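# Coordinates in review
Here is what each chain is made of, one letter per residue.
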Amino acid sequence: MLDFDKLDKTIHEKGRLSIMTLLATRPSWAFQDLKSELKMSDGNLVTHLRTLHTGGYVAVTKTVFDRPQTSYALTEKGRGAFQDYLRVLEEIVKAGKR
Amino acid sequence: MRRECFVVQSTCMNEQERAEEHLRTIRRLMERGTIYRAISAPTALVGGLLSVGASEMWLGGGGATSENPRGFLALWMAVLALTAATNAVILVLGARERKEAVISASMKAALIAIAPAFIAAGGFTLLFAGWPCDPLNELTVTVVWAVCYGLGLLATSHFAPRSLTMLGAAFLAAGLGTMLAFQYGGGFFMRNLDGRTASFFMAGTFGLFHFIYAVCAWPRRRGEPEP
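A brief look at the structure comes next. What you are looking at is a predicted structure, and each value in this text was computed from that prediction instead of being measured. (Residues numbered from 1 in each chain as written. Chains lettered and ligands numbered in written order. Predicted model: local features only at pLDDT ≥ 70, side-chain atom pairs only at ≥ 80, totals over all residues. Heavy atoms only, no water.)

### So, the side chain of S71 of chain A
By the secondary structure assignment, S71 of chain A is in strand β3 (residues 68-74). Among all residues touching S71 of chain A, those that are not within four sequence positions of it are S28, W29, A30, A59, V60 and T61 of chain A. (Helix = DSSP H or I, 4+ residues; strand = E, 2+ residues; numbered from the N terminus. Contact = heavy atoms within 4.5 Å.)

Below, the structure is given as structure tokens:
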């Protein structure tokens, strides 16, 4: 019997899952790049990022050159949680095909 | 009892469908998120400057009238070597700044994608070295370079930024367009073909196209709201 409760509820939301996936592909992402890639509103993206940051999954780096820039990266905890989430998803899909 | 089983089965199916949908989303975003710029904007600028400079040197130095195909090749091989060295330095510095491995999986994928077209270009270049020196042969080899370069860049399109794909398409179009113009241009292009044509073609493609790419792809910093 599958235990759907194993799925991390913080990640198991389409918007946050998309953010986590993109963050897993590169060392860091600028806010504007995430926004344009995911086609989310500023408010929506900020809310999801704040949730992930509060959960300890995402690290925030703020730099100022000619303009302020905020970059996001997966933390070790976030990367581990994402890998666990993927593993559970694969188990669910495999179980469904049996 | 039956209704409960139906509800449990329905919940499982929904969760499985959702899991599959999420895995598809993850795969699509992973593919889109992985971008590798095989040619940086500064490299393109250096390549463009060197190409225009080499064309000018060949035209101004009387090379265009000399019967020296190896001189023409040597000049452009030097441009290629300098541009490739610049690209290597920029890639190494960029990787160090981002604290990544220089020879990353993305770089390997880019090299594998580009290699066939570049090997083909190298083969044609060796062939050209044995041909008699005339303007048509010089133009032919430069058109082959442009076509192969364009094909090489287009081969990276599934993980390259759009600007690099556009650059590849521009080279391919310029090369094929020039070939077709000379074949079906009613003799106009053939009549005007001389020792300068290949150099003009190189300046217009490897020079101008790289300048345009450098301007479009130059890194910009943008402001954004903070969460």
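### Structural notes on the packing of helix α1 (residues 14-25) of chain A against helix α2 (residues 31-38) of chain A
Residues and elements named next belong to chain A. Where α1 contacts α2, the axes come no closer than 11 Å and their chain directions differ by 120°. Judged on the interaxial angle alone, α2 and α1 are oblique. The hand of the α1/α2 crossing is right-handed. Of α2, the residues touching α1 (which contributes S18, I19, L22 and L23) are L34, E37 and L38. (Axes fitted to C-alpha atoms, helices over the stretch in contact; angles between N-to-C directions. Parallel < 35°, antiparallel > 145°, perpendicular 65-115°, else oblique. Left-handed = near helix turned anticlockwise from the far one by under 90°.)

### Let's talk about α1 of chain A
All names here are of chain A. Between the first and last C-alpha of α1 there are 17 Å, a value that for 12 residues agrees with the 16 Å anticipated at 1.5 Å per step. Counting buried residues along α1, 10 of its 12 residues qualify, which places the element largely inside the surrounding structure. When α1 is considered as a whole, its buried residues turn out to be G15, R16, L17, S18, I19, M20, T21, L22, L23 and T25. At the N-terminal end of α1, a side-chain oxygen is found 2.8 Å from the backbone nitrogen of G15, two or three residues along, and the residue is E13. (Expected span 1.5 Å × (residues − 1). Buried < 20%, exposed > 50% of the residue type's maximum accessible area, 1.4 Å probe, protein only. Polar contact = N/O pair within 3.5 Å; in protein donor to acceptor, adjacent residues only side chain to side chain.)

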